[in-house]
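Per-entry structural report
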Amino acid sequence: MTDVIGFHYTLKSDAGEVLDSSSGGHPMLYLAGSGQILPALDKEMSEMKVGDTKSVTLSPKEAYGVIKPELKMNVKLGQFPPGTEVKPGLQFRINSDPRSPMFRVINVLGEEVFIDGNHELAGETLHFDIEVTEKRKATKDEIAHGHAHGAGGHHH
Ligand SMILES: [Zn+2]
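Residues numbered from 1 in each chain as written. Predicted model: local features only at pLDDT ≥ 70, side-chain atom pairs only at ≥ 80, totals over all residues. Heavy atoms only, no water.

The four strands are arranged β5-β8-β7-β6 in an open sheet whose pairing can be described as antiparallel. The strands lining the two open edges of the sheet, one partner per strand, are β5 (72-76) and β6 (91-93). Neighbouring strand axes in the sheet, compared pairwise and without regard to direction, differ in orientation by 40° on average. (Pairing = 2+ DSSP bridges. Helix = DSSP H or I, 4+ residues; strand = E, 2+ residues; numbered from the N terminus. Axes fitted to C-alpha atoms, helices over the stretch in contact; angles between N-to-C directions.)

This is the structure in structure tokens:
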């Protein structure tokens, strides 16, 4: 009884700035309950019908988490692999564990590099305008893979 749900969305910050939107493109497709999208959004859409629209506000906790000060830190330029172009916006993991946070370089001051491992949207209250465009039963493959397969858009 697992569904695949398709939806269009516009994501706005608390200040009303549009951060992301699927409008003009294909709807997002996801496998309900798989963790492909934020659980709070998944829950809302599992209760909506095709064609329904809704505005949903998510607290930082329901969205990308609160800001963890311990993930903001200074490292030395010399700690980066030789040849790395260390500049604001560079993203990297501190170790090879795929569950470890993705860090971003915020600033470089001489030998000091200020990095932040918080999600870019951590600490933000987010507003989603969503429209459910599709609901269907997931295929065996989709359930086995743990994600939705689009119309020809999915490759392995
Ligand atoms: Zn797949």
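From this point, things continue past the structure.
Let's shift gears to the pattern of salt bridges. All told, the structure shown has 11 salt bridges when counted by the stated rule. Put simply, R99 and D97 hold a salt bridge, and the shortest N to O gap is 3.3 Å. Assessed through its relative accessible area of 75%, R99 is described here as exposed. Take D97: its relative accessible area is 29%, and that puts it in the partly exposed class. Salt bridges sharing partners connect three or more residues here, namely K72, R104 and D116. (Salt bridge = Lys/Arg side-chain N within 4 Å of Asp/Glu carboxyl O. Buried < 20%, exposed > 50% of the residue type's maximum accessible area, 1.4 Å probe, protein only.)

Looking now at the domain arrangement of the chain. Splitting the chain by domain gives domain 1 (3-64 + 122-145) and domain 2 (69-116). Summarising the inter-unit geometry, the C-alpha centres of domain 1 and domain 2 are found 31 Å apart. (Domains from an automatic or database assignment.)

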